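# Structural characterization, general
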Amino acid sequence: MLPPELPPLPALTRAEAELIDRYLEVVDLVGRINPARDGDTYRGLRAAQALVGRAAELRDALALMHRRGETELHSPTLARALRVLDGERRAARVMLPPRSGS
């Protein structure tokens, strides 16, 4: 049986798509660094090292949008794109996990 088909991505400019991709990469890395999650220091170190480059790429994506005159973020459209790309689950790894045994 095939998995259910994902909803289509909303129409995005190339710069908006780049912003979404870079943002999710940063979120994934910060989730791997999260000290409240199980893991080892080496994994967190590697993620922190990669974060520097990904943050610069995120900055560049936003700078490109600004230079092109895309000065407003269309948050409903961008939020829809983030949801299609599993952004809620990915961003949840940045949060503190629920308390256990309280």
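All values reported here derive from a predicted model rather than from experimental measurement.

### Examining the overall build of the protein chain
Within the protein chain, the secondary structure is distributed over 4 helices and 0 strands. For the protein chain, the N- to C-terminal ordering of α and β elements is α-α-α-α. The C-alpha radius of gyration computed for the protein chain amounts to 16 Å, which surpasses the reference 13 Å derived for 102 residues by more than 25%, pointing to a less compact arrangement than a globule. Across its three principal directions, the C-alpha atoms of the protein chain cover 50 × 40 × 30 Å.

### Overview of the side chain of Glu16
By the secondary structure assignment, Glu16 is in helix α1 (residues 14-33). Not counting the four nearest positions on each side in its chain, Glu16 is found in contact with Ala11, Met65, Glu70, His74 and Leu78.

### Observations regarding the nonpolar core
Membership of the largest hydrophobic core is limited to 9 residues, which are Ala15, Leu19, Ile20, Leu24, Val26, Leu58, Ala61, Met65 and Leu78. Of all elements in the fold, only α1 and α2 (41-67) reach the threshold of two or more residues within this core. Beyond its immediate chain neighbours, meaning those up to four positions away, Ile20 contacts Leu12, Leu78, Leu82 and Leu85.

### A look at the packing of α1 against α2
Contact geometry for α1 and α2: axes closest at 8 Å, N-to-C directions at 160 degrees. As judged from the angle between their axes, α1 and α2 are roughly antiparallel. Remark: the crossing between α1 and α2 carries left-handed chirality. A per-class count over the contact of α1 with α2 returns 16 nonpolar, 1 polar and 8 charged.

### Quick notes on helix α3 (residues 75-84)
Among all positions in α3, only Leu78, Ala81 and Val84 are buried. Along the axis of α3, the buried positions cluster into a sector of 120 degrees, meaning they face one direction only. Within α3, the exposed residues directed more than 90 degrees away from the buried face are Pro76 and Arg83. Following α3 by one or two positions, Asp86 adopts a phi angle in the positive range, close to 65 degrees.

### Description of a positive patch on the surface
Positive charge collects at one region of the surface, where Arg32, Arg37, Arg43, Arg46 and Arg93 lie side by side. Examined against the element boundaries, Arg37 turns out to sit in the loop between α1 and α2.

About the cut-offs
- Every chain is numbered on its own, with residues counted from 1 as its sequence reads.
- For this predicted model, a pLDDT threshold of at least 70 governs which residues receive local features, and a threshold of 80 or more governs which side-chain atom pairs are given and counted, while totals over whole chains, interfaces and linings are taken from all residues.
- Hydrogens are left out, water is left out, and the side-chain values use all remaining heavy atoms of the structure.
- The helix and strand labels rest on DSSP assignments: H or I over at least four residues marks a helix, E over at least two residues marks a strand, and numbering proceeds from the N terminus.
- The globule rule used here is 2.2 Å times the number of residues to the 0.38 power, and the radius of gyration it is set against is calculated over C-alpha atoms.
- Should any heavy atoms of two residues lie within 4.5 Å, those residues are considered in contact.
- Among the buried residues, those of types Ala, Val, Leu, Ile, Met, Phe, Trp, Tyr and Cys that are joined through side-chain atoms within 4.5 Å form a nonpolar core.
- Think of it in three bands: with a 1.4 Å probe and only protein chains considered, a residue is buried below 20% of the maximum accessible area for its type, exposed above 50%, and partly exposed in between.
- Comment: axis = line fitted to C-alpha atoms, over the contacting stretch for helices; angle = value between 0 and 180 degrees taken between N-to-C directions.
- Just so you know how the angles are binned, under 35 degrees is roughly parallel, over 145 roughly antiparallel, 65 to 115 roughly perpendicular, and the rest oblique.
- For any helix crossing, the convention is left-handed if the near helix is rotated counterclockwise from the far helix by under a right angle, and right-handed if that rotation is clockwise.
- Each residue gets one of three labels, nonpolar for Ala, Val, Leu, Ile, Met, Phe, Trp, Tyr, Cys and Pro, charged for Asp, Glu, Lys and Arg, and polar for the others, Gly among them.
- Picture the helix axis, draw a direction to every C-beta atom, and the arc is the one those directions span.
- Within the patch definition used here, like charges are joined within 9 Å and nonpolar side chains (Val, Leu, Ile, Met, Phe, Trp, Tyr) within 5 Å, considering only residues with over 30% relative accessible area and no salt bridge.
- Only the protein chains shown count as cover for residues, and the accessible areas themselves come from Shrake-Rupley with a 1.4 Å probe.
- Here a salt bridge means any side-chain nitrogen of Lys or Arg lying within 4 Å of a carboxyl oxygen belonging to Asp or Glu.
- The charged-residue count follows a simple rule in which Lys and Arg add positive charge and Asp and Glu add negative charge, with His and chain termini not counted at all.
- To locate a charge, take NZ of a lysine, CZ of an arginine, CG of an aspartate or CD of a glutamate.

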